Amino acid sequence: MKKIRRRRKTLRINTPMSFGILCAAMLILVGGGAYALAAGVIAPAVNAAVEARATPEPTPTATPPVITPIPSPSFDPQDANLTTTTDPVTGEIVAVDPETLVTETPEPTATPAPLAGRTIVIDAGKSKGGTHRGVSSKTYEYKINFAFAQALQEELAGLGATVVMTRESNDEVVDAGTRVRIANSSNADILISLFCNDLTNSATRGAEAFIAKGASESSKKLATAVLTGYTNATGMPVRETEDGTVRTVTNKEVLSKSKLPAMGLVLGQLSNRSDDANLNDAAFIAKAARGIASGIRSYYGA
């Protein structure tokens, strides 16, 4: 019996169609591979090359400022006869008139003193030889009056006033006629006479204001202002009388013969222990001087 052999199947290209199919398949394989290679290798390289060749945008720079040249002066700045300065806007050196330059800050205008131009007479009542004394202190009235007059003189001078004293010390013996002549010849504006009272009733105390009979309205206004200033500053009470706080008297020669507005201030009662203690106290005297000066300023509206 004859043995049957299997034949191996092989692709035979013995027809034009078979050959065409084979060529088409090979073209597809080769083309696909080329495409894959181009997409995965060539394209990134190309992109990198393109990016490397791209021209970067320049960083913007600020516009440089325009510098205006400073013009040269038309004169010699070193000329000692010229005064120059620099213009704050252009920087140019320019010549100036020396009289227009302010080299120092002007001094502020001083405020005038409140009593500047006023002349005031201070009459320290009585003088050496007087017999009235404080009930406790035993200090003579003329010494008390002069202590108050000196303190007031200093206060008024500090306010710009010119002060005329009818006596200059406790060693002088000056009568009322002499004191009034000094006042009338002084060309003063007002007169303030300072003195104390000495009563039989030791319980009576307080300050008083005197004016002469027939005194001017200016004297009345002055008396009210000074009494108010004195009592407000010291706390000294006002002695109330039937005549009121400003009394009219006829026995005070300095007041009745004065040719200028005048008033008398009773500083207190020597016969009262409380008043006597105050009249001999330095702190009280200082407050009294300020208070009287305040009353004078009020009189002048200063």
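Rules of the game
Residues numbered from 1 in each chain as written. Predicted model: local features only at pLDDT ≥ 70, side-chain atom pairs only at ≥ 80, totals over all residues. Heavy atoms only, no water. Salt bridge = Lys/Arg side-chain N within 4 Å of Asp/Glu carboxyl O. Helix = DSSP H or I, 4+ residues; strand = E, 2+ residues; numbered from the N terminus. Buried < 20%, exposed > 50% of the residue type's maximum accessible area, 1.4 Å probe, protein only. Axes fitted to C-alpha atoms, helices over the stretch in contact; angles between N-to-C directions. Parallel < 35°, antiparallel > 145°, perpendicular 65-115°, else oblique. Left-handed = near helix turned anticlockwise from the far one by under 90°. Contact = heavy atoms within 4.5 Å. Pairing = 2+ DSSP bridges. Polar contact = N/O pair within 3.5 Å; in protein donor to acceptor, adjacent residues only side chain to side chain. Phe/Tyr/Trp six-rings, centres within 6.5 Å; stacked < 30°, edge-to-face > 60°. Lys NZ or Arg CZ within 6 Å of the ring centre and 35° of its normal. Expected span 1.5 Å × (residues − 1). Core = buried A, V, L, I, M, F, W, Y, C linked by side-chain atoms within 4.5 Å.

Visitor: What is the right way to read the pattern of salt bridges from this model?
Guide: Per the counting criterion, the structure on display carries seven salt bridges. Here arginine 205 ties to aspartate 275 by a salt bridge, and the two come within 2.8 Å at their closest N and O atoms. Here arginine 205 is found in the loop between strand S5 (190-197) and strand S6 (208-212), whereas its partner aspartate 275 is found in helix H6 (residues 273-279), with 70 residues between them in sequence. By relative accessible area, which is 30% here, arginine 205 ends up partly exposed. Across the salt bridge formed by lysine 257 and glutamate 253, the nearest N and O atoms sit 3.3 Å from each other. Look at the salt bridges and you will find they share partners, linking Glu208, Arg239 and Arg247 into a network.

Visitor: Would you explain unusual backbone geometry in this entry?
Guide: Excluding glycine, residues mostly carry a negative phi; peptide bonds, for their part, are mostly trans. One non-glycine residue with positive phi stands out, namely lysine 126, at about 65°. Relative to the assigned elements, lysine 126 resides in the loop between strand S3 (119-124) and helix H2 (141-158). A positive phi angle, near 65°, is found at lysine 138, a position not held by glycine. As for its placement among the helices and strands, lysine 138 is situated in the loop between S3 and H2.

Visitor: What exactly am I supposed to notice about the packing of H2 against helix H7 (residues 282-300) here?
Guide: Two quantities define a packed helix pair, namely the angle between the axes and the distance from one axis to the other. H7 packs onto H2 with a crossing angle of 55° between their chain directions and a minimal axis gap of 9 Å. Classified by the angle their axes make, H2 and H7 are oblique. Our pair here, H2 against H7, has a crossing hand that is right-handed. Across the interface between the two elements, Ala147, Phe148, Ala151, Leu152, Glu155 and Leu156 from H2 touch Phe284, Ile285, Ala288, Ala289, Arg290, Ile292, Ala293 and Ile296 from H7.

Visitor: Whenever I open this one, the sheet that holds strand S7 (residues 246-249) confuses me. Can you help?
Guide: Strand pairs in the sheet, formed through backbone hydrogen bonds, run parallel or antiparallel to each other. Taken together, the six strands give an open sheet; going across it, the order is S4-S3-S5-S8-S6-S7, and neighbouring strands pair in mixed fashion. Because the sheet does not close on itself, it has two edges, and the strands there are strand S4 (162-165) and S7. On average, adjacent strands in this sheet sit at an angle of 30° to one another, irrespective of strand direction. Bridging between S6 and strand S8 (residues 262-269) involves three bridges; their strand directions are antiparallel.

Visitor: Just checking my understanding: could you explain the side chain of asparagine 197 for this structure?
Guide: By the element assignment, asparagine 197 lies in strand S5. Within the structure, asparagine 197 has its side chain in polar contact with the side chain of glutamate 208 (distance 3.0 Å). Contacts of asparagine 197, omitting those with residues within four sequence positions, involve Glu208, Phe210, Arg239, Val266, Gly268, Gln269, Leu270 and Ser271.

Visitor: What should I look at first to understand the pairing of S5 in this one?
Guide: Residues in a regular strand project their side chains so that they alternate between the two faces of the sheet. Counting buried positions over the eight residues of S5 gives eight, a clear majority of the element. Neither face of S5 is open: one carries Ile190, Ile192, Leu194 and Cys196, the other Leu191, Ser193, Phe195 and Asn197, and all of them are buried. Pairing of S3 with S5, which is carried by five bridges, proceeds in the parallel orientation. Note on S5: the bridge partner recorded for valine 121 is leucine 191. Note: S5 against S8, six bridges, orientation parallel. Note that in S8 the partner of phenylalanine 195 across the bridge is valine 266.

Visitor: Help me understand the packing of aromatic side chains, please; the structure alone is not making it clear to me.
Guide: Centre distance and the angle of the planes are the two values used to describe a pair of aromatic rings. Tallying each qualifying case throughout the model produces five aromatic pairs. Seen in terms of ring centroids, phenylalanine 195 and phenylalanine 210 are 5.7 Å apart; in terms of plane orientation they differ by 45°. Their pairing is tilted. With a gap of 15 residues between them, phenylalanine 195 in strand S5 and phenylalanine 210 in strand S6 connect regions that are remote in the sequence. The structure contains a cluster of three or more aromatic residues connected by ring pairs, namely Phe148, Tyr230 and Phe284. Positioned above the aromatic ring of phenylalanine 195, the side-chain terminus of lysine 252 is 4.3 Å from the ring centre.

Visitor: Sorry, what's going on with helix H4 (residues 217-234) here?
Guide: Spacing of three or four residues puts side chains on the same side of an α-helix, whose turn is 3.6 residues. Across its 18 residues, H4 extends 26 Å between first and last C-alpha, which sits within 8% of the 26 Å expected from 1.5 Å per residue. Turning to H4, its buried residues number three or more, namely Ser219, Leu222, Ala223, Ala225, Val226, Leu227, Gly229, Tyr230, Thr231 and Thr234. Once H4 ends, the next one or two residues include glycine 235, with phi positive near 80°.

Visitor: What is the right way to look at the nonpolar core in this model?
Guide: Most often, soluble globular proteins have nonpolar side chains that are buried together. Core analysis: the biggest nonpolar cluster contains 42 residues, and Phe148, Leu156, Leu194, Tyr230 and Ile296 have the highest contact counts within it. Breaking this core down by element, the ones donating at least two residues are S3, H2, S4, S5, S6, H4, S8 and H7. Of the residues forming this core, the biggest block, eight residues, is contributed by H7. For leucine 156, the residues in contact, after removing those within four places along its chain, are Leu115, Ile120, Ile122, Ala161, Val163, Ala293 and Ile296.

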